[in-house]
Structure formats: structure tokens, C-alpha cells
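Letter by letter, the chains look like this.
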Amino acid sequence: DTGVSQDPRHKITKRGQNVTFRCDPISEHNRLYWYRQTLGQGPEFLTYFQNEAQLEKSRLLSDRFSAERPKGSFSTLEIQRTEQGDSAMYLCASSLAGGGNQPQHFGDGTRLSIL
Amino acid sequence: AQTVTQSQPEMSVQEAETVTLSCTYDTSESDYYLFWYKQPPSRQMILVIRQEAYKQQNATENRFSVNFQKAAKSFSLKISDSQLGDAAMYFCAYTAFWTQGGSEKLVFGKGTKLTVNP
């Protein structure tokens, strides 16, 4: 169990550029979540996968955001035409199915800064 | 919609003393889970303790314990014998019981920053 890993740890980009983040969950976990955390706030749910299927998306996930989990293993989160308001920490978590009996394990996050 | 409220943006405690962090939540569900997560500066979020709503007994994990009041929708965290390593942001979180369907996404409060003074 190597834990949830996210790459990159930090990303600085200019407004209007596209960015992509990667999350590698704990290998046996079939559920994968993306959250966004802005300064002084708790994480907010963005989207969730069970295996390769994206089953729920938050209203926070605008059309500029897209997430994939092509083989039910790693996941990518892409933001197109970045805006200042996209600056945040993007957290990935994974778990087994089973609700609170199977708690979510978080990665270190990717901190996005928009210039 | 479910909401989680942490009314204490910051708390401080002397090393070896006890501190209690408050959390209230709102839900119409009868079965759910509540969690306390710890997020040290620039480090990943880790689970401290969890409570199943259908269990009356309060959860404990070593120096960490909760006071779960279901009727009042209150879920406080007590840290005994505070240590310097306990300094972190603490987040209270909620998720619905899995048989109700849905993603079991976590709904977080805004967090409480805990400082431990030597």
C-alpha cells in the first residue's frame, strides 16, 4: 500500500492555459474522488468514479473541467482555459465501496496557481 | 442538502491539556457516518476518527474521542493529553450511509485550526 499519489504537487500557469493533473489511487480501491479546496475552506466534492465510470459530478464542475479514469486505475482532471478562480488545491481520494466502513484516503494534492 | 458547520475557526491548547473541537451538521437522513480528518500544514489529510450514526456508543481512538449527540446533530472531538504533533487543521465531515445509494462523497466543514503551545 503506497498510498494515493498526485502529480504534480504544484502547478503555476497563466490564465487561459490548459492544465492536467494525475491521481494514482491505492491499487485495490475501486472508488476515486476529486475535491477542490480553496484557502480557508474545507474540501468540496467535484466528481467521483466507480471503476472507470464517472457516476456523479458536482455543479462546481463547469464545462471547462473534465475528468477521466480510462482503465479504472489512475485518473486525470483537466481544466481548460484556466481562470483566476480556479486557483486552489485539488485533492484526490480513493476508497473501497462500502461507505463509511471504507474511509477515503487522500493524496497530498496538487496546488494550482493561476497568474 | 447536507451541511457541516464548524463554529471555531481557531483553537489553542497547552501541551498535555485537553481540547474540544465543535461540529454541528444538518441532514434529513437517519443513517450516516461522521468523521474527523486532520490536515497538517502542507501534508495530506488523514482520518482521525469516525462514528456510525446508528451506534449510540461514542467512538474512541487512543487520545481522540467524540461526543456524538444525534438528536442535537452535534459531533465534537476531544483531544486528550495534547501533543505538539496534534497541531493541524481539523475538518469535520459527513457522508450518507451507502445503502441509500449515491457517491458517498464527503461533505466537509470549514475547519478548525488547532495550535498546541509548548
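These figures come from a predicted structure and were not determined experimentally.

Criteria and cut-off values
- Residues numbered from 1 in each chain as written.
- Chains lettered and ligands numbered in written order.
- Predicted model: local features only at pLDDT ≥ 70, side-chain atom pairs only at ≥ 80, totals over all residues.
- Heavy atoms only, no water.
- Disulfide = S-S within 2.5 Å.
- Helix = DSSP H or I, 4+ residues; strand = E, 2+ residues; numbered from the N terminus.
- Buried < 20%, exposed > 50% of the residue type's maximum accessible area, 1.4 Å probe, protein only.
- Polar contact = N/O pair within 3.5 Å; in protein donor to acceptor, adjacent residues only side chain to side chain.
- Contact = heavy atoms within 4.5 Å.
- Core = buried A, V, L, I, M, F, W, Y, C linked by side-chain atoms within 4.5 Å.
- Buried area = accessible area lost by both parts, 1.4 Å probe.
- Salt bridge = Lys/Arg side-chain N within 4 Å of Asp/Glu carboxyl O.
- Pairing = 2+ DSSP bridges.
- Axes fitted to C-alpha atoms, helices over the stretch in contact; angles between N-to-C directions.
- Phe/Tyr/Trp six-rings, centres within 6.5 Å; stacked < 30°, edge-to-face > 60°.

Participant: I'd like a description of the state of the cysteines, backed by residues and values.
Facilitator: Residue and element names in this part refer to chain A. This model, assessed by the stated rule, comprises two disulfides over all chains. Linked covalently through their sulfurs, cysteine 23 and cysteine 92 form a disulfide whose S-S length is 1.9 Å. Residues cysteine 23 and cysteine 92 share a disulfide whose torsion about the S-S bond is about -70°; that sign makes it left-handed. Taken together, the residues cysteine 23 in strand E3 (residues 19–24) and cysteine 92 in strand E9 (residues 88–95) connect sequence positions 69 residues apart. Here the two residues cysteine 23 and cysteine 92 agree in accessibility, since each one is buried.

Participant: So, the side chain of B:Thr27: which residues are in play, and what are the values?
Facilitator: Residues and elements named next belong to chain B. Summarising the element assignment, threonine 27 is placed in the loop between strand E4 (24–26) and strand E5 (32–39). Among the residues examined, threonine 27 registers a relative accessible area of 6% and is labelled buried. Side chain to side chain, threonine 27 and tyrosine 94 meet in a polar contact 2.8 Å long. Look past the residues within four positions of threonine 27 in its chain and what remains in contact with it is Gln2, Tyr32, Lys73 and Tyr94.

Participant: I'd love a proper account of the nonpolar core, names of residues and values included.
Facilitator: One broad trend across soluble globular proteins is that nonpolar side chains are buried collectively. Grouped together as the largest cluster of nonpolar side chains are 27 residues, with contacts concentrated most on B:Trp36, B:Phe75, B:Leu77 and B:Tyr90. Of all elements in the fold, only strand E3 (19–21), E5, strand E6 (46–52), strand E8 (64–69), strand E9 (74–79), strand E10 (88–96) and strand E12 (112–117) of chain B reach the threshold of two or more residues within this core. No other element matches E10(B), which puts five residues into this core. Membership of the second largest hydrophobic core comes to 19 residues, among which are A:Val4, A:Phe21, A:Trp34 and A:Leu112.

Participant: Just give me the short version of the environment of B:Arg43, but keep the residues and values in it.
Facilitator: Relative to the assigned elements, B:Arg43 resides in the loop between E5 and E6. Considered as a pair, B:Arg43 and B:Ala88 are 45 residues apart in the sequence and their alpha carbons are 9.5 Å apart.

Participant: Report on the interface of chain A and chain B, specifying residues and quantitative values.
Facilitator: Taken together, the contacts link 24 residues of chain A with 21 residues of chain B. Roughly 1,800 Å² of surface becomes buried between chain A and chain B when both sides are summed, with 47% attributable to carbon and sulfur atoms. Scanning the region where chain A abuts chain B turns up two salt bridges. In this structure, the salt-bridge partner of A:Arg31 is B:Glu104, at a minimum N-O distance of 2.8 Å. Scanning the region where chain A abuts chain B turns up eight residue pairs in polar contact (both at pLDDT 80 or more).

Participant: Provide a residue-level description of the sheet that holds strand E8 (residues 75–79) of chain A, including the pertinent values.
Facilitator: Residue and element names in this part refer to chain A. Reading across the sheet, the four strands line up as E1-E3-E8-E7 and stay open at both edges, with antiparallel pairing between neighbours. The two strands at the open ends of the sheet, each matched to only one other strand, are strand E1 (5–7) and strand E7 (65–68). Across this sheet, the average inter-strand angle for adjacent strands is 15°, counted without regard to direction. Pairing analysis gives five bridges linking E3 to E8, with the strands arranged antiparallel. Paired with threonine 20 across the strands is glutamate 78, a residue of E8.

Participant: Lay out the packing of aromatic side chains in plain terms, naming residues and giving numbers.
Facilitator: Residue and element names in this part refer to chain A. Taken as a whole and judged by the stated rule, the model has 16 aromatic pairs over all chains. Here the aromatic rings of phenylalanine 21 and tyrosine 90 are separated by 5.3 Å at their centres, their planes lie at 40°, and the arrangement is tilted. Here phenylalanine 21, found in strand E3, pairs with tyrosine 90, found in strand E9; they are 69 residues apart in sequence, far enough to count as distant. Overall, phenylalanine 21 belongs to the buried group, its relative accessible area being 1%.

Participant: Before we move on, could you go through the pairing of E12(B) and cite the residues and values that matter?
Facilitator: Residue and element names in this part refer to chain B. Burial along E12 is one-sided: Thr112, Leu114 and Val116 are buried, and none of Lys113, Thr115 and Asn117, which face the opposite way, are. The pairing of strand E2 (residues 10–14) with E12 spans five bridges and is parallel. Bridging across to E12, glutamate 10 finds its partner in lysine 113. Across three bridges, the pairing between E10 and E12 is antiparallel. By the bridge assignment for E12, alanine 88 is matched with leucine 114.

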